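These are the residues of each chain, in order.
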Amino acid sequence: YTTIIRYDRPAAQAYADTYALSYNPTFVRFAGADCANFASQCARAGDMPQQSGTYTSGWWYDKDGSSNPSDDTYSLSWINVTRQMGFWNGRRTDWETSAGVLSRGDFIYYDWTGDGVWDHVAVVAGTNSAGQKVIDAHTTDHYRVYWKLGNSSTKYKYASTRVSWVI
């Protein structure tokens, strides 16, 4: 028998807004490279289903029953941009052709130099008064800033989170 889990976009976006400029003390913080961890936390807040596995498989975070992150374990896809993209695409998200079709709780990936190595991820937080998508992010912390970060060499991938999953 199956369960249908629906993505809670308002919850994912509310979590992103709450922790964009601070860090949830109940999760491990990765100084200098926390963007994928933050995106994963937002997805979890939106009830994106985790998938157990080993460090190199699945997408999961285990708090080991405590609020102290010192004993937490997690998968590589929870904390690494490229691995996250590889796990989520086709399972939890689908690629879109532009940022304009994204909604709150979706994700934008950044390849800063256009070299094919994906360096960063941000969470779509909504739309500003000019109708532009805005994002929240960690590493360089951002709260509701215009999504198009980088320079003329930067490439982008737009990931729309699925509405629901059958588990």
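A. Representation of the packing of aromatic side chains within the structure. Evaluated as defined, the whole model comprises 16 aromatic pairs. Ring geometry for Trp 59 against Trp 88: centres 5.5 Å apart, planes inclined by 70°, an arrangement best described as edge-to-face. Taken together, the positions of Trp 59 in the loop between helix H2 (35-45) and strand S2 (61-62) and Trp 88 in helix H4 (residues 81-88) put the pair 29 residues apart, joining distant regions of the chain. Grouping residues by exposure puts Trp 59 and Trp 88 together as buried. Each ring, one from Tyr 110 and one from Trp 112, has its centre 5.2 Å from the other, and the planes form 25°; the classification is stacked. Trp 112 sits in the partly exposed class, given a relative accessible area of 29%. Taken together, the aromatic side chains of Phe 27, Phe 30, Trp 59, Tyr 61, Tyr 74, Trp 78, Trp 88 and Phe 107 make up a single cluster linked through ring pairs.

B. Structural view of the environment of Gly 46. Tracing the backbone shows Gly 46 in the loop between H2 and S2. For the pair Gly 46 and Arg 9, spaced 37 residues apart in sequence, the C-alpha separation works out to 5.8 Å. What Gly 46 contacts, discounting residues up to four positions off in sequence, is Arg 6, Tyr 7, Asp 8, Ala 11 and Ala 12.

Parameters and conventions
- Residues numbered from 1 in each chain as written.
- Predicted model: local features only at pLDDT ≥ 70, side-chain atom pairs only at ≥ 80, totals over all residues.
- Heavy atoms only, no water.
- Phe/Tyr/Trp six-rings, centres within 6.5 Å; stacked < 30°, edge-to-face > 60°.
- Helix = DSSP H or I, 4+ residues; strand = E, 2+ residues; numbered from the N terminus.
- Buried < 20%, exposed > 50% of the residue type's maximum accessible area, 1.4 Å probe, protein only.
- Contact = heavy atoms within 4.5 Å.

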